[in-house]
Amino acid sequence: MQLLKDRILKDGVVKPGNILKVDSFLNHQMDILLMNEIGKEFKARFSDCPITKILTIEASGIGIAAITAQYFDVNMVFAKKAQSLNLDGEMLVTKVESFTHKKVYDVILAKKFLSPEDHVLIIDDFLANGCALLGLIDLVQNAGATIEGAGIVIEKGFQDGGRKIRDMGIRLESLAIIDSMTDDSLTFR
Ligand code: 5GP
C-alpha cells in the first residue's frame, strides 16, 4: 500500500532493538484519514471472505480494527492483557510474549464474544516474531471459530513471524513489509 509506505518513510523512526516508531500516525496519535484508507484496503483484500467478526489485541490494534470493522459492517472484539487471572470458565485464555516489553502476558477473551459460527479476520498493527498473532489464532481455534485470515499494517519481514503464520496455511495480508531497516535506510519488499 503505497500511501502507507510513503508515510513510514516520511515519519517512521528506527529505534534500537529493531523497533520502528510510528507513533505520530499509527499507534499513539492516529491519522484517521490514513486509518480509513487502511480499513478500505483490508476490506478490498478480504472482500471474498464471509467475515463476521474482527479480532485484535489491546492496545494499539484497537483503533485500526475498529475502523476496519466499519468497512466489513461487523463487530470488533479485542483480547485483553490480564494482570491476574480469575478463571471462571467463561474466558478463553492464551499466553503472549510481548516483543516491545519482553514480558509474557495472559491474554483473555470472553467466550460469548466468539462463537463456532464466527468467521474471523484478525487485525494488528505490527507483525514481528508472531507471538501476538499466534496467541490470537489460538483464541480463535479454542473458540471453534473459523480463521479467514490476518491483516497486518506493518510486517517486519526480517523477523520470522510472517513465515510462521504463512507456514500454518493462514492467509496473511500485510500492507507494508519491511525488508531491512537501519537508522538511515528502510527498504520494502
Ligand atoms: P510479535 O508478537 O509479532 O513479536 O510483535 C507484535 C506486537 O509487538 C505488535 O502488536 C506491536 O504492538 C509490537 N511491535 C512489534 N514490533 C514493533 C515495532 O517495530 N514497533 C512498534 N511500535 N511495535 C512493535
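Residues numbered from 1 in each chain as written. Predicted model: local features only at pLDDT ≥ 70, side-chain atom pairs only at ≥ 80, totals over all residues. Heavy atoms only, no water.

Undergrad: Even after reading the chapter, I still don't get the packing of helix H2 (residues 32-45) against helix H3 (residues 61-72), so can you show me in this structure?
TA: Between two packed helices, what matters for the description is the angle formed by their axes and the separation of those axes. Packing of H2 against H3 leaves a shortest axis separation of 8 Å and a crossing angle of 50°. What the angle tells us is that H2 and H3 run oblique. Considering how the two elements wind past one another, H2 and H3 form a crossing that is right-handed. Two secondary-structure elements touch here, H2 through Ile32, Met35, Asn36, Ile38, Gly39, Lys40, Phe42 and Lys43 and H3 through Ile64, Ile67, Thr68, Tyr71 and Phe72. Here the residues of the contact of H2 with H3 sort into eight nonpolar, three polar and two charged. (Axes fitted to C-alpha atoms, helices over the stretch in contact; angles between N-to-C directions. Helix = DSSP H or I, 4+ residues; strand = E, 2+ residues; numbered from the N terminus. Parallel < 35°, antiparallel > 145°, perpendicular 65-115°, else oblique. Left-handed = near helix turned anticlockwise from the far one by under 90°. Contact = heavy atoms within 4.5 Å. Nonpolar A, V, L, I, M, F, W, Y, C, P; charged D, E, K, R; others polar.)

Undergrad: What exactly am I supposed to notice about the side chain of Glu148 here?
TA: Here Glu148 shows up in strand S8 (residues 146-156). Although Glu148 is buried, it forms no salt bridge, and the closest oppositely charged side chain is Arg171 at an N-O distance of 6.3 Å. A polar contact is formed between the side chain of Glu148 and the side chain of His119, at a distance of 2.6 Å. If sequence neighbours within four positions are ignored, Glu148 has contacts with Phe46, Cys49, Pro50, Ile51, His119, Val120 and Arg171. (Buried < 20%, exposed > 50% of the residue type's maximum accessible area, 1.4 Å probe, protein only. Lys, Arg positive; Asp, Glu negative; His and termini not counted. Salt bridge = Lys/Arg side-chain N within 4 Å of Asp/Glu carboxyl O. Polar contact = N/O pair within 3.5 Å; in protein donor to acceptor, adjacent residues only side chain to side chain.)

Undergrad: Even after reading the chapter, I still don't get the site of the ligand, so can you show me in this structure?
TA: Taken together, 17 residues are adjacent to the ligand, and Leu20, Ala128, Asn129, Gly130 and Lys156 come closest. Asn27 is positioned such that a nitrogen or oxygen atom in its side chain is 3.3 Å from a nitrogen atom of the ligand. Contact between the ligand and Asn129: an oxygen atom at 2.8 Å from a main-chain N or O atom of the residue. Of all the elements in the fold, those that place two or more residues in the shell around the ligand are strand S2 (19-21), strand S7 (119-127) and helix H4 (131-143). Top contributing element to the shell around the ligand by residue count: S7, with four residues. Grouping the constituent residues of the shell around the ligand by class yields eight nonpolar, six polar and three charged. (Near = heavy atom within 4 Å.)

Undergrad: Looking at this model, I keep getting lost on the environment of Lys15. Mind explaining?
TA: Relative to the elements of secondary structure, Lys15 occurs in strand S1 (residues 13-15). Since its relative accessible area comes to 36%, Lys15 is described here as partly exposed. Along the sequence, Lys15 and Asp183 sit 168 residues apart, while their C-alpha atoms lie 7.5 Å from each other.

Undergrad: Explain the packing of helix H1 (residues 2-11) against H2 here, please?
TA: With their axes 10 Å apart at the nearest point, H1 and H2 run at an angle of 140° to one another. For the element pair H1 / H2, the angle class is oblique. For the element pair H1 and H2, the recorded crossing hand is left-handed. Note on element contacts: H2 touches H1 through Leu34, Glu37 and Ile38, opposite Leu3, Leu4 and Arg7. Here the contact of H1 with H2 is built from residues that sort into four nonpolar, no polar and two charged.

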